[in-house]
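What follows is each chain in one-letter form.
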Amino acid sequence: MNFHGQKILPAVRTMKDFDKMLETPFEYGVFLDLHVGMVKSVFDYARQHGKKMFLHLDLIHGLTSDEYAAEFIAQYVKPYGIISTKGNAIVRAKQKGLLATQRAFIIDSSALERSIKLIERTDPDYIEVLPGVVPKIIKELHEKTKKPIFAGGLIETREEVEEALEAGACAITTSDRELWKLYY
């Protein structure tokens with residue numbers, strides 16, 4: 001999927017980050033590290049400002065990141081999509097009509113193979129590859145799965161953003177506000 005040319009998906013860790021994102025033209029982003037009691041109101045506020053936000057399900061404090069959490073979030077919060085390392089949560093989110101992103105930590109060739117098998121089972125809409133500074137892995141995962149890739153983690157420079165995009169990533173997830181500024 002195309003994010004209307006948006007190369008950076010701001011990853012929002014704090015309300016201060018979210019306030020900064022609201023000042024940008026970015027339409028899409030990712031919420032990280034939210035308390036379960038804040039999730040609904042933060043998403044309602046994002047929608048009021050025309051923001052389409054993914055929710056990192058594994059990083060909600062006070063909620064277990066399983067298929068029941070995915071179902072609850074889909075029905076109660078209705079985010080644009082979710083991100084999770086948990087295959088069952090990905091499957092349930094898709095069943096409930098959410099865009100689902102399978103997060104994969106690729107630390108060695110064994111992790112790559114396990115991730116490919118998981119992706120074949122869960123059939124996510126997107127894959128988020130971490131660390132995102134390894135263009136070879138982005139390219140290989142994209143070629144083997146035919147899924148759109150987000151690259152995230154350890155990306156610190158414009159050059160690293162461009163290398164990940166050239167390798168086949170459709171967007172970069174980053175909480176680095178300096179990188180956000182370079183792409184709006």
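Structure shown above.
Position numbers for residues count from 1 along each chain, tracking the sequence in the order it is written. Totals for whole chains, interfaces and linings use all residues, but because this is a predicted model, local features are given only for residues with pLDDT of at least 70 and pairs of side-chain atoms are given and counted only at 80 or more. As a rule here, side-chain values come from all non-hydrogen atoms in the structure, and water together with hydrogens is ignored.

Under the scheme used here, helices are H or I runs from DSSP no shorter than 4 residues and strands are E runs no shorter than 2 residues, and both carry numbers assigned from the N terminus. Each helix and strand counted, the chain has eight helices and ten strands in total. The reference for a compact globule is 2.2 Å times residues^0.38; the radius of gyration itself is calculated from the C-alpha atoms. For the chain, the C-alpha radius of gyration of 15 Å lies close to 16 Å, the compact-globule estimate for 184 residues. With the C-alpha coordinates of the chain rotated into their principal frame, the extents come out at 40 × 35 × 25 Å. For the exposure calls, accessible area comes from a 1.4 Å probe over protein chains only, and a residue counts as buried if that area is under 20% of its type's maximum, exposed if over 50%, partly exposed in between. The 184 residues of the chain split such that 48% are buried. Within the chain, contacts between residues separated by at least 24 positions form 52% of all contacts whose residues are at least 6 apart in sequence. Positive: Lys, Arg. Negative: Asp, Glu. His and the chain ends are not part of the count. In plain terms, the charge of a residue is placed at NZ if it is Lys, CZ if Arg, CG if Asp and CD if Glu. The averaged location of the 26 negative side-chain charges in the chain is 4 Å from the averaged location of its 25 positive side-chain charges. Residue contacts follow a heavy-atom distance rule, with two residues in contact if any of their heavy atoms lie within 4.5 Å.

Here we take up the packing of aromatic side chains. What counts as a ring pair is set by centres within 6.5 Å for rings of Phe, Tyr and Trp (its six-membered ring), and what kind of pair is set by the plane angle: stacked under 30 degrees, edge-to-face over 60, tilted for all other angles. Counted according to the given criterion, the structure contains 14 aromatic pairs. The interplanar angle of 75 degrees and the centroid separation of 4.9 Å between the aromatic rings of Phe3 and Tyr28 together place this pair among those described as edge-to-face. In this pair, Phe3 sits in the segment before strand S1 (8-12) while Tyr28 sits in strand S2 (residues 28-31), placing the two residues 25 residues apart along the sequence. Accessibility assignment for this pair places Phe3 and Tyr28 in one class, buried. Taken together through their ring pairs, the aromatic side chains of Phe3, Tyr28, Phe54, Tyr80, Tyr126 and Phe150 make up a single cluster.

Our next topic: the side chain of Lys147. Along the polypeptide, Lys147 turns up in the loop between helix H6 (135-145) and strand S9 (149-152). Judged by relative accessible area, Lys147 falls into the buried class, the value being 15%. Polar contacts, as used here, are pairs of N or O atoms within 3.5 Å; protein pairs need one atom able to donate a hydrogen and one able to accept it. Residues neighboring in sequence count only if both atoms are side-chain atoms. Reaching out from Lys147, the side chain makes a polar contact with the backbone oxygen of Pro124 at a distance of 2.9 Å. Beyond its immediate stretch of four places on either side in the chain, Lys147 contacts Ile119, Asp123, Pro124, Asp125, Ile127 and His142.

So, about the sheet that holds strand S7 (residues 99-105). Between any two strands, pairing holds if DSSP finds at least two bridges. Read around the closed barrel, eight strands run S1-S2-S4-S6-S7-S8-S9-S10, paired in parallel fashion. With strand direction ignored, the average angle separating the axes of adjacent strands in the sheet is 25 degrees. Pairing of strand S6 (residues 81-84) with S7 involves four bridges; the strand directions are parallel. Each bridged residue has a counterpart across the sheet, and for Ile83 the counterpart in S7 is Thr101. Taken strand by strand, helix H1 (residues 15-22) contacts S1, S2 and strand S4 (52-56), and its axis lies near 150 degrees from that of S1. Working convention: axes come from line fits to C-alpha atoms, limited for helices to the stretch in contact. Angles between N-to-C directions cover 0 to 180 degrees. Here helix H5 (residues 109-122) sits on the sheet in contact with S7 and strand S8 (126-130), set at roughly 165 degrees to S7.

Our focus in this paragraph is helix H3 (residues 67-76). Listing the buried residues of H3 in full gives Ala69, Ala70, Ile73 and Ala74. Looking down the long axis of H3, one finds its buried residues gathered within 135 degrees of arc, a one-sided arrangement. Residues of H3 that are buried make contact with helix H2 (39-48), S4, strand S5 (60-61), S6 and helix H4 (87-95). Measuring from the side-chain oxygen of the N-cap residue of H3 to the backbone nitrogen of Tyr68 gives 3.1 Å; that N-cap residue is Asp66. Just downstream of H3, Lys78 is the residue with a positive phi angle, here 55 degrees. Note that the arc is defined by the directions from the helix axis to the C-beta atoms.

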